[in-house]
Amino acid sequence: MKNKFIAGIASFTLLASTPFNVMAESPQTVIQNTQLEEKEKSLFNSEHYDFVKYSQIEGKLDALAKESSRITVEKSETKSALGQDMYVVTVSDPSAKGKFGFYKGLRKKMIQSPEKAQDFIDKHPDLKVPVMINGSIHGTEFVGTDAVLQLIERFATDNDEETKTILEDHILIFNVTANPDGRIGATRFNGNGIDLNRDFITQSQPETEHMVDLITEWNPMVFLDLHGYVKGYGGPSKPGLIEPCTPPHNPNYEYDLYSKWAMSQAEAMEASIVGNKADYDNTNTETSKVDYQNMEGTYIPQRDDSAGWDDYPPIFTPMYAMYHGAYGFTLEAPTNDWDGVKWTYDAVMGALNFASENKTEMVKDQIEVFKRGVQFDHPFHKEGHFPSAYILPSDVQDQTATQKAVEHLQENDITVEEVKKEFTYEGVNYPKGTYIVRMDQAKAGLANTMLWDGEDITEDTPSMYDISAWNLPELWGFEAVEVSSEDQLNVKSNEVRVLDSKGEVIGDGPFAIPNSSVESVSLANQLLNDGHTLYRGSDGTLYADSSAKSELQGLVKDSAVIISTEAIPEDAKEMTAQTVTILKDGGINKAQSHSGTKLALKRMGFQVVEKTPVQVAEEGLGDSDVFIYNGKSNLISYENSTANKEFGLQDEAQYEEFKANVESFVARGGNYLAIGAGASQASTKLGLSDVEVKTGGSNSNGIVQLTHGDSTYTAGYNAGDLGFVYQPTWYSNTENKEVLSSYKDSEDFFMAGHWKGREQAQGKPVMVKDGNVLFIGLEPTFRDHTDYLFRLVSNAIFAGSN
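Numbers given to residues run from 1 along each chain, matching the order in which its sequence is written. It should be noted that, the model being predicted, local features are given only for residues of pLDDT at least 70 and side-chain atom pairs only at 80 or more, the latter also being counted only at that level, while totals for whole chains, interfaces and linings use all residues. No hydrogens and no water enter the side-chain calculation; it runs on all heavy atoms of the structure.

Participant: I tried to follow the sheet that holds strand β21 (residues 562–565) on my own but got confused; where do I start?
Facilitator: One key point about sheets: their strands pair by backbone hydrogen bonds, in either a parallel or an antiparallel sense. Across the sheet, six strands lie side by side as β17-β21-β18-β20-β19-β22; this open sheet has mixed pairing. One side of each edge strand has no neighbouring strand; the edge strands of this open sheet are β17 (504–505) and β22 (573–575). When DSSP finds at least two bridges between two strands, those strands are taken to pair. Helix and strand definitions here come from DSSP, where helices need a minimum of 4 consecutive H or I residues and strands a minimum of 2 consecutive E residues; each element is numbered from the N-terminal end. Note: strand β18 (residues 511–513) against strand β20 (residues 542–544), three bridges, orientation antiparallel. Bridge pairing in β20 links I513 to L542.

Structure follows, in structure tokens:
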């Protein structure tokens, strides 16, 4: 991150010195320079208050920076999805100012030479350790950023002993507003519709990349993620929530080292909150039912429960930080008001005081995480849990998936090497340049959770909070060959410094564009959009004639796709650019469930139009070739809750108009795709098919084995291949329909994740075509994560155009 000191901002009133009401200014509506109107509230919140608007933050930080020598304000070079600035504030005592590079260097030495780093800590117990505090990753959870602003003010300006002691021990890094778009629009997600606190294994969004950069830059000892609003989990006397979590815990953590400190630190936060309860105003007790002045504690899942709030998937911010040795915590304030801000503030102060008291031993145990990795010594794990290495072979024709994986690993502090000459492992020859990830490295736990096959944890716990499988090799489409912990790869290799894309156009045409990756489909769509004629073979290969050579050479320059010369098959069908409309979910149930599909389509080069249910009802689908529904079934309801109402239909008349317009679209030959459980249910309600929709649990999810038929809809995949499900869906009453794919008819068809009752789906249809309506019971574009499955959607678009 390059430092850009903020200056020359219009004058703002400096934060007042009293920490708990400093932000309570007169309400106002502010127009950002992007012409986005800042909303005053979210209907999903049960209380409302005059939170600090995003447009006020820069001025407040600038004023503090002018007053205090302890504070450094930076604008990240990375912008939010909608182009907003993200601010990082570092607060330390003046003695550390100007030495941040030195302290970051010491943190890197922990990774490179952990034993020496532990010895250094013994000799220098006065060393300052970084703590990172992340504000409001969910835009509607306003209290996080407001608490951050109060904490910044305190540590920038106060001179009491508690403040000075904490600054003597720490460097405080504040990611002030982790989700600017969400704060401006009063939505949970960012401007691309992605829940950023589900993006840390994928890292598809700029805001996530920004946070990952901060974590890998500082390797913080403690990571606090500030959320809201949890009121009733612990009963009336224990409002709010502080991790650590219930089982199951991800098996790639060094969880014994985390557990040694996490519960005690959580209880220190709890004690700080309860110790100040007399200072709470109880502003909204009548409506919120939260009585701060009589609270006895807070809900700590690991202490107070047995399941339901787990830290298994690496998609959450604190869980991701734990792979970097941090003691990571989610803090969920009880209410959306100034009392909720105070609760958060008090919790952070408790965490910081605990870290001050236990700094030396905590940081040594953080280093121990790295030492175990470097020494390939994991006493907390069963022998053989960690392989000695992974081999990442490259596809000769299309290396994009493998190269994406290599780059991703490197961006996450994981060393990737390439071999200097060919070698053989278990009878397979691998050429020079093959990538390997050795597991004797500091962040082996993160490397393994990114590369392993995952596991079926259905019997381990009654329920999961979110996804239970995220397998990068299987869902991104590259191979990761596990080298047993008992074996060693005795091959010479060098760390990968530069990735050579090696994209190439061979010959003079016609040209065969393989149906092999997101990138290859994008290349084809760029030609189509530029007016070239393309032809599609039954195997999904797209063909361009010789006139496309010059443009193709420019397109592949920065790709890893090989385009070869090949005759166009006689049965290949002419393609035209497709106009794709997707039904927009503006925020049903605090999510935008269509957003993964929208991003996948754009990455594959399709021209995408979003239309809300109301727009489809009022305008119809115009000249759309394809209409995609991938969202909740109540998107087409006119009986939604107050908070959901604006995103669905408004009355019965609109429903009938929506229904008629969709029926008309299908009748004239439009290509209709229903993806996932909600869309499948809605589509049968609309009368588009008499297929019967069956579903599993609402958050059952994981990797499944499929049996694909011989169809252009599943072209580019093996007859036996993989899929991803979230609320798994299957179909019956399919006798007069075309079954394109089914769950494998085997008891072990479910490979990894959590799905109770899955035996009902064994061998049942999961992709069914009924005329122009295609039902897909998988989630092939889930959260912009499942790259390998995106082509099921591009296949459906291209095949439906023939």
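Participant: I would appreciate a short explanation of the packing of aromatic side chains in the present structure.
Facilitator: Note on aromatic pairs: each is described by the distance of the centres and the angle between the planes. Here the aromatic set is Phe, Tyr and Trp, taking the six-membered ring for Trp, and pairing holds for ring centres within 6.5 Å; pairs whose planes are under 30 degrees apart are stacked, those over 60 apart are edge-to-face, and all others are tilted. According to the stated counting rule, one finds 33 aromatic pairs in the structure shown. Aromatic side chains F51 and F142 sit 3.8 Å apart centroid to centroid with 10 degrees between the ring planes, which places their arrangement in the stacked category. Of the two residues, F51 sits in the segment before α1 (54–67) while F142 sits in the loop between β3 (129–135) and α4 (143–157), which places them 91 residues apart along the sequence. In this structure, F51 and F142 share a single accessibility class: buried. For the pair F100 and W218, a centre-to-centre distance of 5.8 Å together with 70 degrees between the ring planes defines the contact as edge-to-face. Separated by 118 residues along the polypeptide, F100 in helix α2 (residues 100–112) and W218 in helix α7 (residues 206–218) bring together distant segments of the chain. Three exposure classes are used, based on accessible area relative to the maximum for each residue type with a 1.4 Å probe and protein chains only: buried under 20%, partly exposed in between, and exposed over 50%. Given a relative accessible area of 3%, W218 falls into the buried group. The positively charged end of K342 is found above the aromatic ring belonging to Y280, 4.9 Å away from the centroid. Cation over ring: K404 sits above W476, and NZ or CZ is 4.1 Å from the ring centre. We call a charge positioned above a ring when the Lys NZ or Arg CZ atom is no farther than 6 Å from the ring centre and deviates by at most 35 degrees from the ring normal.

Participant: Got a minute to help me understand the pattern of salt bridges in this structure?
Facilitator: Where charged atoms of side chains with opposite charge meet at close range, the side chains can pair. When a carboxyl oxygen of Asp or Glu is within 4 Å of a side-chain nitrogen of Lys or Arg, the pair counts as a salt bridge. Summed over the entire model, instances satisfying the criterion amount to 43 salt bridges. The salt bridge partner of K364 is D122, with a shortest N-O separation of 2.8 Å. Taken together, the residues span a long stretch of sequence, with K364 in helix α12 (residues 338–374) and D122 in helix α3 (residues 114–123) at a distance of 242 residues. The exposure class assigned to K364 is buried, which follows from its relative accessible area of 17%.

Participant: What am I meant to see in the sheet that holds strand β6 (residues 241–242) here?
Facilitator: Strand order in the open sheet made by the seven strands is β1-β2-β4-β3-β5-β9-β6, with mixed pairing throughout. This sheet does not close on itself; its edge strands, each paired only once, are β1 (71–75) and β6. Across seven bridges, the pairing between strand β5 (residues 222–228) and strand β9 (residues 327–333) is parallel. Residue pairing across strands places D225 opposite T330, the latter belonging to β9.

Participant: For this particular structure, what's the right way to read α12?
Facilitator: Side chains of residues three or four places apart in an α-helix project in the same direction, reflecting 3.6 residues per turn. Here a helix's expected span is defined as the number of its residues, less one, multiplied by 1.5 Å. Its 37 residues give α12 an end-to-end C-alpha distance of only 46 Å, which falls more than 12% under 54 Å, the value for a rise of 1.5 Å per residue. At N358, α12 is bent by approximately 85 degrees, the largest bend along its length. Where burial is concerned, most of α12 is hidden: 31 out of the 37 residues are buried. In this analysis the local bend is the angle between axes fitted, respectively, to the seven residues ending at and the seven residues starting at the residue.

Participant: Looking at this structure, how should I read the packing of helix α5 (residues 161–169) against α12?
Facilitator: Relative orientation and spacing of two packed helices are given, respectively, by the angle between their axes and the distance between those axes. Running from amino to carboxyl end, α5 crosses α12 at an angle of 55 degrees, the nearest separation of the two axes being 9 Å. Classified by the angle their axes make, α5 and α12 are oblique. Pair α5 / α12 crosses with left-handed handedness. Contacts between α5 and α12 pair E162, T165, I166 and D169 from the former with M349, L352, N353, S356 and K359 from the latter. In terms of residue class, the contact of α5 with α12 is made up of three nonpolar, three polar and three charged. To get an axis, a line is fitted to the C-alpha atoms, and for a helix only the part in contact is used. The angle between two axes follows their N-to-C directions and goes from 0 to 180 degrees. When an angle is under 35 degrees it counts as roughly parallel; over 145 it counts as roughly antiparallel; between 65 and 115 it counts as roughly perpendicular; any other value is oblique. It is the rotation of the near helix from the far one that decides the hand of a crossing: anticlockwise by less than a right angle makes it left-handed, clockwise makes it right-handed. Residues count as neighbours in contact if any of their non-hydrogen atoms are within 4.5 Å of one another. For this scheme, ten residues count as nonpolar: Ala, Val, Leu, Ile, Met, Phe, Trp, Tyr, Cys and Pro. Four count as charged, namely Asp, Glu, Lys and Arg, and the remainder, Gly too, count as polar.

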